[in-house]
Amino acid sequence: MTEKRTLVLWDVDQTLVDYSGTGHRWYSQALVSVVGLELAHVPAFPGRTERSITVELLEAHGVEWTEEHVERMFAELIAIATAARPELPSLGRALPGAPQVLAALAERPEVVQSLVTGNLVELADCKLAAFDLLPHVDLEIGGYGSVSTDRHELVAAAKRAAETKYGTTFDPRSIIVIGDTPHDVAAAHHHGAVGVAVATGRHSVEELVACGADVVLTDLSDTDAVIASLLRTAPPDDQLPFGP
């Protein structure tokens, strides 16, 4: 009998870590390097994918963008983030409770942790490594911002990758997507997955409740309470899987 698993998919920025202002600086540098233009329009970042942000940025600056432009922007962002690795611990912080919750879930054999994030995988790697959070997540099965402008496609990509790697089918209600914006919740619900919202970003508890999140947490600081909230959303072993 195949062991039933719970797939926990984390957002990165304002859910696990806070690098406020870094995205603005990195995109500003990348725009100058790739197309020689100073940043005059700042896209909204929360809940967006790198592909969506990059396309909007190029269009807003009058660039008739191509996939080559997008890939060059991605390559420049990766180069900037890689060069910044030594200083990232001083540019950001792990959000309260994030290291403890990741570590506690990693001790549970039935739980698989990865990411659904608007970041490129390389940027996620840099940001999490700065606070030693990488050992708890499987980057190989994540959904990343290079995939699509639509965040729900990142959840689909992570589900496919996890099912291929672990040789099992994840029922939608055994997939828990955790983020700080209504975009994260909507992406989860698009696939019938559980949408957990954490009010550590720009959205209040009330706004996250209103967007229909299955669980809303003020933050991740109470490890036991967070674990209990997350794992009771997954189907018990003695029940049939929930439908979407």
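Sequence positions are assigned chain by chain, starting from 1 and proceeding in written order. Since the coordinates come from a predicted model, pLDDT governs what is reported: local features require at least 70, and pairs of side-chain atoms require 80 or more to be given and counted, while whole-chain, interface and lining totals use all residues. Water and hydrogen atoms were dropped before computing side-chain values, which therefore reflect all heavy atoms in the structure.

**Description of the overall build of the protein**
Looking only at helices and strands, the protein features ten helices and seven strands. Here the radius of gyration uses the C-alpha set of atoms, whereas the globule reference equals 2.2 Å times the residue count to the power 0.38. Against the globule reference of 18 Å for 244 residues, the protein gives a C-alpha radius of gyration of 18 Å, in line with a compact fold. Projected onto the principal axes, the alpha-carbon positions of the protein cover approximately 60 × 35 × 35 Å. Only protein chains enter the accessibility calculation, which uses a 1.4 Å probe; a residue is then buried when its area is under 20% of its type maximum, exposed when over 50%, and partly exposed in between. Split into buried and exposed, the 244 residues of the protein put 50% on the buried side. When charges are counted, Lys and Arg are positive and Asp and Glu negative, with His and the chain ends excluded. Note on charges: their place is set at NZ of Lys, CZ of Arg, CG of Asp or CD of Glu. Taking the average location of the 17 positive side-chain charges in the protein and that of its 35 negative ones, the two points are 2 Å from each other. Secondary structure elements follow DSSP: runs of H or I of four or more residues count as helices, runs of E of two or more count as strands, with numbering from the N terminus.

**Here's the deal with the pairing of strand E5 (residues 175–179)**
Burial analysis of E5 places five of its five residues in the buried class, which makes it a mostly covered element. Burial along E5 is two-sided: the residues Ile175, Val177 and Gly179 and Ile176 and Ile178 are all buried. Taken together, the four bridges between strand E1 (residues 6–10) and E5 define a ladder with parallel strand orientation. From the neighbouring strand, Leu9 faces E5, where its bridge partner is Val177. Pairing analysis gives four bridges linking E5 to strand E6 (residues 194–198), with the strands arranged parallel. Paired strands are those between which DSSP finds at least two bridges.

**A few points about the side chain of Asp184**
Along the polypeptide, Asp184 turns up in helix H8 (residues 182–190). At 2.9 Å, the side chain of Asp184 and the side chain of Arg151 are in polar contact. Note on contacts: a residue pair is in contact if any heavy atoms of the two residues lie within 4.5 Å. Those residues in contact with Asp184 that sit more than four places away from it in its chain are Asp11, Arg151, Val177 and Gly179. Two N or O atoms count as a polar contact when they lie within 3.5 Å, although within protein this holds only if one can serve as hydrogen donor and the other as acceptor, and sequence-adjacent residues are included solely when both atoms are side-chain atoms.

**A word on the sheet that holds strand E4 (residues 111–115)**
Sheet strands associate in pairs through backbone hydrogen bonding, adopting either a parallel or an antiparallel arrangement. Taken together, the five strands give an open sheet; going across it, the order is E4-E1-E5-E6-E7, and neighbouring strands pair in parallel fashion. Each having just a single partner strand, E4 and strand E7 (215–217) make up the two edges of the open sheet. Strand-to-strand, the axes of this sheet are offset by a mean angle of 20°, without reference to chain direction. Pairing of E6 with E7, which is carried by three bridges, proceeds in the parallel orientation. When the bridges of E7 are listed, Val198 appears paired with Leu217. Axis lines are fitted through C-alpha atoms, for helices just across the contact stretch, and the angle between N-to-C directions can take any value from 0 to 180 degrees. On top of the sheet, helix H7 (residues 152–166) reaches E1, E4 and E5; it is set at about 140° to E1, its chief contact.

**What about the environment of Leu208?**
Along the chain, Leu208 falls in helix H9 (residues 205–210). Between the alpha carbons of Leu208 and Tyr144 there is a distance of 23 Å; along the sequence they are 64 residues apart. In contact with Leu208, not counting residues within four places along its chain, are Asp180, Thr181, Pro182, Ala197, Val198, Ala199, His203, Ala213 and Val216.

**Things to note about helix H5 (residues 98–106)**
Those residues of H5 that fall on the buried side of the exposure criterion are Ala98, Val101, Leu102 and Leu105. Seen from one end, H5 has its buried residues packed into an arc of 100°, which puts them on one side. Where H5 is buried, its residues touch E1, E4 and helix H10 (223–231). The directions from the helix axis to the C-beta atoms are what the arc is built from.

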